[in-house]
Amino acid sequence: MTEIEHLRVRFGYLLLALLWLHLPVAMVIAYAVGRDMTVPALIVAALAGAYTISWLVYGVEPVTRYVSAVALMGMPSLFVFLLAGHGWQMDLHMYFFASLALMIGWCDWRSILMAATAVAVHHLTLNFVFPAAVFPAGQDLSRVWLHAGIVAFQTAILVWISEMLVGGFDRVHAMSQEIMLSNETLEQKVEERTREAQAANAAKGLFLANMSHEIRTPMNAILGFTHLALRGELPPKQLEYLTKIRQASTALLALINDILDFSKIEAGKLMLEKSCFDLREEVETAVGITMLKATEKGIDVRVSIAANVPDMVMGDALRLNQVMLNLVGNAVKFTERGEVRISVRRLPDATPSDVVLEIAVRDTGVGMDAEQQANLFRSFAQADSSTTRKFGGTGLGLAITKQLVELMGGTIGVQSAQGLGSVFTVTLRLEEGSAVQRAKALALPAHMRGLRVLIVDDNSGAREILSAIFASWSLHVELAASAPEALATLEAAAAQGTPYDLLLVDWKMPSMNGVDLVRELEHSPKLSRPPVALMVSAYAREDAMAAAQDVGIAAFLVKPIDAGMLLDTIVDLFRAKSGTTEATAAVAPDAVPMVSAAVRGARVLLVEDNEINSEVAFELLTDAGLLVELAGNGRVACEMVLESGRHYQAVLMDVQMPEMDGLEATRRIRRTISAAQLPIIAMTAHAYERERLACIEAGMDDHIAKPVDPQRLIATLDRWIGERPVGRTPPAVTAAETAVAPSPPPWAELPETLPPFDIAAALVRVNGKRPLLTKLISGFGEKYSDAVVELSEQIAAGQLDEARRLAHSLKGVAGSLELRHVTEAARQLEDALAHRETDGFGVRLSHLDRAMLPALSAARSLRPTAEVQAIPEGANVPKGPELTPMARELVATLVTQLERRNLGARRTFEQLERIIGPDAALDPLKAALTRLDFTAALVVVHQLSEPTETEETQS
């Protein structure tokens, strides 16, 4: 509704009240002049009623305006007639002019003309019909003409003003519409600019991530090899050169770190961590790093930490250490003699859980004037910026320090005078920590996450503290209040096949102390494998050791327990136990990683479209004790999880796949199955943080980057499956799913070196299986022999998404096979395709082609001597061999596995091939299984089994 319409509505309500107000006025006038009140009242009610009805039916439409003009002009006509012969009769003619002027409220010249016409009709009626009512001497046409002239003049003025008002309202409305349109356009532009800025920031963040890797990697190599070279016997001149290289490299790496940190802060990409740490330890670390330089200069460095400062706080220990190191390093740098004092105190605060710290660094150095202090925290600014300055640096240190302090919710300031030194004061807001939070901040090695722990202590508070520390590491913990209870628990667990790996036992306990308990365990016939014993005591460590001279206690700790020391002790103990327990078997670098006993036999769905990656993951998972089924893309995975009726304990999900990607598949699964029921773990070549967050937002629980590290993969599955009570016993593994000795491979033996493949590193990713790696390398040469040509054709045809998917697949496979140059070239091409950087496609394809040539040549050197080709679709399959009962059983098992897309079908086929022997009828089946084409393999199996079924029917 426009403004003029709003005005007309309000004026309409005003007229409604005004017209009905005439009713009592007319009755009073009639009564005053001695006339009957009924007729005047009925006339007023008729006029007001007519307007009311029109108002209710038509609103502010023109018909209502015309009715109001007649009704409003009828009121003064009635009053003039009632006051005939009265002295006020002529005065009431003024009411005509007032009522006519009132009609301008409609902002409609037609209603004004209607009112003027009503006035003219009134005057003519009185002059010719009731002249005595107005003119005592009879008709007076001259006076009627005079009134008509006055009304005509007033009407002209009112019409002109009304048109001016309407024009003004129209202009205001047009301006309002124009402003609204301009605002909408401006908002669209702001949104576009915001999206562009966000895209630029995203690109900047990706650039920083790449640059961090690209710059730090060669610098670390320079430092590492320099360090190794300095360990040998060197001539004095070479020793001097290498020492200078190390010093220059260290300084350059520090400069690179400063620039990267500054860029991250500017881009808003620097995220603060929140963990529990020892404040005093961080201060001492920062001071310790600068002590060598301070000692060389003869500077005394003193540290004072107030008693009210807590030991443990919650915050970002790394960034606090960076702030401290910068301030203390600057203080030592700019001080030639004297001392540097670091003081830490706690300031009062209204929030009890918060810790407000004031850290002051005082030095007796050169100091600064007011101008230098004003520019001190600006980026790339130095107190002395001349070319002859004594002290070097980029001018970024204090700028980064200030930004870090502000990110942590604090402030930084300086007080200084030339020649008198400087005082830098930092205030920080942290949270008070505890021993349990400290335990959570510590990382537990992957191979220890399956440990079962029993805590024995007669003190309930001590049991609770230790239990909380182990629970923060997600370890299975049981508690016992006495030695006899612990002995019964250990024997019962051993009888159930779930023995404990670690025993934490108090020394002094009633009825039986900790030493006697450990001695009893060593002689118990029910314990074939006693747990590793760790004694905890509130008494002196030496006294406890003396009491347990002849008992196999692995280590001693003194209460109160420090979580960090406890973790270090346990890690050392289980690193030393080479293969004596299941949980520590994975410590050996060449050992096959296994899931914990409680998780073995769990069914895992592997969703992967690349057959080489599928085979690598399948071997790792089956070796770890898991049953594996395969889905070739997200759509098949959804069908197997949601519609097949089979239950999986975990899903390993690739992200980029044809038909349906892993993100969409996860979203569909999560609509029916929650994360508490089924963990979904991303396994993709994308290692960027934004990709990991996309997986988490889609509903996945964890993220593993390709190339897959076997230890991390198995530890992740062990953690996620082990956290859920699956309520099952491990299913029996059929004969076809058990590991069998593979038949001699038809390809050449894998050499010790095969450039550009890093054979040693690739063997680690396949659990040391040389035949499997040989097969994978040969398969790589077959599958990706035309990858560069295919990529070129896809790019030329504008199929950029398909090209990106192929580059992504090539990157993941090359990473698994340790083809580093191919991996990097494929990654660069994938990034260019993702960002539609068309100018760089040709260069990146050329780089990829150069990297692929030696890899394909090396892969061809391992090509099988007798390659098996799949028969064309529709061709006749050679007559199948006669199947023995054992072979028929294997065929039936093979059909079931193929229907379930279980990779165990390949092992079943190997068994079948050894039983039947070489036969041309098996070649198409072998080729289909090699391609992981389960549909084609199922057709071939049915064709092979048909002759046998026919024979059985005939017999």
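Fair warning: this is a prediction, and the values are worked out from it, not measured in the lab.

Conventions used here
Residues numbered from 1 in each chain as written. Predicted model: local features only at pLDDT ≥ 70, side-chain atom pairs only at ≥ 80, totals over all residues. Heavy atoms only, no water. Helix = DSSP H or I, 4+ residues; strand = E, 2+ residues; numbered from the N terminus. Buried < 20%, exposed > 50% of the residue type's maximum accessible area, 1.4 Å probe, protein only. Contact = heavy atoms within 4.5 Å. Areas by Shrake-Rupley, 256 points an atom, 1.4 Å probe, with all protein chains shown as cover. Phe/Tyr/Trp six-rings, centres within 6.5 Å; stacked < 30°, edge-to-face > 60°. Lys NZ or Arg CZ within 6 Å of the ring centre and 35° of its normal. UniProt positions renumbered as here; feature names shortened; annotations may be inferred. Salt bridge = Lys/Arg side-chain N within 4 Å of Asp/Glu carboxyl O. Core = buried A, V, L, I, M, F, W, Y, C linked by side-chain atoms within 4.5 Å. Expected span 1.5 Å × (residues − 1). Bend = angle between axes of the 7 residues up to and from the residue. Pairing = 2+ DSSP bridges. Right-handed = clockwise from strand over helix to strand, strands pointing away. Patch = residues over 30% accessible without salt bridge, like charges linked within 9 Å, V, L, I, M, F, W, Y side chains within 5 Å. Axes fitted to C-alpha atoms, helices over the stretch in contact; angles between N-to-C directions. Parallel < 35°, antiparallel > 145°, perpendicular 65-115°, else oblique. Left-handed = near helix turned anticlockwise from the far one by under 90°. Nonpolar A, V, L, I, M, F, W, Y, C, P; charged D, E, K, R; others polar. Arc of directions from axis to C-beta. pLDDT = per-residue confidence, 0-100.

Here we look at the overall build of the protein chain
Move 1: When helices and strands are tallied, the protein chain shows 32 helices and 17 strands.
Move 2: Each of the 955 residues in the protein chain was classed as buried or not, and the buried ones make up 45%.
Move 3: Put simply, of all contacts in the protein chain between residues at least 6 apart along the chain, 71% involve residues at least 24 apart.
Move 4: Accessible area of the protein chain: about 47,700 Å², with a carbon and sulfur share of 57%.

Structural notes on the packing of aromatic side chains
Move 1: Overall, the coordinates contain 6 aromatic pairs when judged by the stated rule.
Move 2: Three or more aromatic residues link up through ring pairs in this structure, and these residues are Tyr-13, Tyr-51 and Trp-55.
Move 3: When the ring centre of Tyr-500 is taken as origin, the NZ or CZ atom of Arg-452, which lies over that ring, is 4.6 Å away.
Move 4: The lysine or arginine in question, Lys-783, covers the ring of Tyr-784, its NZ or CZ lying 5.5 Å from the ring centre.

Comments concerning the UniProt feature "transmembrane region" (unreviewed entry) in the protein chain
Move 1: Residues annotated in UniProt with the feature "transmembrane region" (unreviewed entry) correspond here to residues 12-33, 39-59, 66-86, 116-138 and 144-166.
Move 2: Between the first and last C-alpha atoms of residues 12-33 the distance is 32 Å; the span itself is 95% helix and 0% strand.
Move 3: Between the end C-alpha atoms of residues 39-59 the distance is 29 Å, and the span holds 95% helix and 0% strand.

Some remarks on the pattern of salt bridges
Pairing between side chains of opposite charge can happen when their charged atoms approach one another.
Move 1: Taken as a whole, this structure holds 27 salt bridges when the rule is applied.
Move 2: Notably, a salt bridge pairs Asp-354 with Arg-429, separated by 3.1 Å at the nearest N-O pair. Taken together, the residues Asp-354 in strand 5 (residues 354-363) and Arg-429 in strand 7 (residues 421-432) connect sequence positions 75 residues apart.
Move 3: For Arg-429, a relative accessible area of 39% corresponds to the partly exposed category.
Move 4: When salt bridges that share partners are traced, they join Asp-300, Arg-302, Glu-339 and Arg-341 into one network.

Thoughts on the nonpolar core
Move 1: Counting 68 residues, the largest nonpolar core has Leu-713, Phe-757, Ile-777, Phe-780 and Leu-848 as its most contacted members.
Move 2: Among the elements that line this core, the one with the most residues is helix 28 (residues 841-860), at 9 residues.
Move 3: Once residues lying within four places of it in the same chain are set aside, the contact partners of Leu-848 are Val-788, Leu-791, Leu-810, Val-822, Ala-825, Ala-826 and Leu-829.
Move 4: Counting residues in hydrophobic clusters, the runner-up holds 39 residues, among them Ala-294, Val-344, Leu-357 and Leu-430.

Section: helix 28
Move 1: Compared with the 28 Å implied by 1.5 Å per residue over 20 residues, the 27 Å span of helix 28 between its first and last C-alpha is a close match.
Move 2: The largest bend in helix 28 comes to about 30°, at Met-852, with the proline Pro-854 one to four residues further on.
Move 3: Listed as buried for helix 28 are Phe-841, Leu-845, Leu-848, Ala-851, Met-852, Ala-855, Leu-856, Ala-858 and Ala-859.
Move 4: Among the structural elements, helix 24 (770-783), helix 25 (787-796), helix 26 (800-816) and helix 27 (820-834) are those in contact with the buried residues of helix 28.

Side note on the environment of Val-405
Move 1: Turning to its location among the elements, Val-405 is positioned in helix 11 (residues 397-407).
Move 2: Spatially, the C-alpha atoms of Val-405 and Arg-319 are 8.6 Å apart, while their sequence positions differ by 86 residues.
Move 3: Val-405 has contacts with Val-323, Gly-410, Thr-411, Ile-412, Val-426, Thr-427 and Leu-428, leaving out every residue within four places of it along the chain.

Things to note about the pairing of strand 11 (residues 532-537)
Move 1: Across the 6 residues of strand 11, 6 count as buried, placing the element largely inside the fold.
Move 2: Residue alternation in strand 11 divides its side chains into two sets, Val-532, Leu-534 and Val-536 and Ala-533, Met-535 and Ser-537, and both sets are buried.
Move 3: Both strand 10 (residues 502-506) and strand 11 contribute to a ladder of 5 bridges, which runs parallel. Each residue of the ladder has a partner; that of Val-505, found in strand 11, is Met-535.
Move 4: Assessed by its sense of winding, the connection that carries the chain from strand 10 through helix 15 (residues 514-522) to strand 11 is right-handed.

Some points on a nonpolar patch on the surface
Move 1: Taken together, the side chains of Phe-153, Ile-157, Trp-160, Ile-161, Met-164 and Leu-165 present a nonpolar region at the surface, about 620 Å² in accessible area.
Move 2: Position of Met-164 among the secondary structure elements: in helix 6 (residues 141-230).

Things to note about the packing of helix 25 against helix 26
Move 1: Here helix 25 crosses helix 26 at 160°, and the two axes come no closer than 8 Å. Between helix 25 and helix 26, the crossing angle belongs to the class labelled roughly antiparallel. As for the relative orientation of helix 25 and helix 26, their crossing is left-handed in sense. Between helix 25, through Ala-787, Glu-790, Leu-791, Gln-794 and Ile-795, and helix 26, the contact on the second element is made entirely by Leu-800, Glu-802, Ala-803, Leu-806 and Ala-807.
Move 2: Class assignment for the residues of the contact of helix 25 with helix 26 results in 7 nonpolar, 1 polar and 2 charged.

Thoughts on the sheet that holds strand 15 (residues 650-653)
Move 1: Read from one edge of the open sheet, 5 strands run 14-13-15-16-17, paired in parallel fashion. Each edge of the sheet is formed by a strand with only one pairing partner; in this case those strands are strand 14 (627-631) and strand 17 (702-705). The average undirected angle you get between the axes of adjacent strands in this sheet is 25°.
Move 2: Strand direction decides the pairing type here: strand 15 and strand 16 (residues 680-684), joined by 3 bridges, are parallel. Bridge pairing in strand 16 links Met-653 to Ala-682.
Move 3: In the packing of helix 20 (residues 662-670) onto the sheet, the strands contacted are strand 15 and strand 16, and the crossing angle to strand 15 comes to about 155°.
Move 4: Here helix 22 (residues 710-722) sits on the sheet and contacts strand 13 (603-607), strand 15, strand 16 and strand 17; the angle it forms with strand 17, its principal contact strand, is near 170°.

Re the packing of helix 2 (residues 38-58) against helix 3 (residues 62-82)
Move 1: Two elements in contact, helix 2 and helix 3, have axes whose closest approach is 9 Å; the angle formed by their N-to-C orientations is 170°. In terms of orientation, helix 2 and helix 3 fall into the roughly antiparallel class. Facing helix 2, whose interface residues are Pro-40, Ile-43, Val-44, Leu-47, Ala-48, Ala-50, Tyr-51, Ser-54, Trp-55 and Tyr-58, helix 3 presents Val-63, Thr-64, Val-67, Ser-68, Ala-71, Gly-74, Met-75, Leu-78 and Leu-82.
Move 2: The class makeup of the residues in the contact of helix 2 with helix 3 is 15 nonpolar, 4 polar and no charged.

Brief notes about helix 25
Move 1: Turning to helix 25, its buried residues are Ala-787, Val-788, Leu-791, Gln-794 and Ile-795. Projection of helix 25 onto a plane perpendicular to its axis shows the buried side chains occupying an angular sector of 125°, all on one side. Opposite the packed face of helix 25, turned more than 90 degrees from it, sit the exposed residues Glu-793 and Ala-796.
Move 2: Taken from the residues just after helix 25, Gly-798 is the one with a positive phi, measuring 80°.

Considerations on the pairing of strand 16
Move 1: The buried fraction of strand 16 is high, at 5 of 5 residues.
Move 2: The alternating pattern of strand 16 places Ile-680, Ala-682 and Thr-684 on one face and Ile-681 and Met-683 on the opposite face, and all of these are buried.
Move 3: This β-α-β element, strand 15 to helix 20 to strand 16, shows right-handed connectivity.
Move 4: With 4 bridges joining them, strand 16 and strand 17 adopt parallel strand pairing. Bridging from a neighbouring strand, Thr-684 pairs with Ala-705 of strand 17.

Thoughts on unusual backbone geometry
Move 1: Cis rather than trans, the peptide bond between Pro-755 and Pro-756 has omega equal to 5°.
Move 2: With respect to the secondary-structure elements, Pro-756 resides in the loop between helix 22 and helix 23 (759-765).
Move 3: Even without glycine at this site, Ser-511 takes up a positive phi of about 70°.
Move 4: The residue Ser-511 is located in the loop between strand 10 and helix 15 in this model.
Move 5: With a phi angle near 60°, Glu-818 is a residue other than glycine that sits in the positive phi range.

Let's talk about the confidence of the model for the protein chain
Move 1: Of all residues in the protein chain, 75% have pLDDT values of 70 or greater, and the mean over the chain is 76.
Move 2: The secondary structure element of the protein chain with the lowest average pLDDT is helix 12 (residues 435-441), at 51, and the one with the highest is strand 15, at 93.
Move 3: Low pLDDT, under 50, characterises residues 576-590; the predicted model gives this stretch 23 contacts beyond four residues in sequence or across chains.
Move 4: Throughout residues 725-746 the model reports pLDDT below 50, and contacts reaching past four residues in sequence, or to other chains, amount to 39 contacts.

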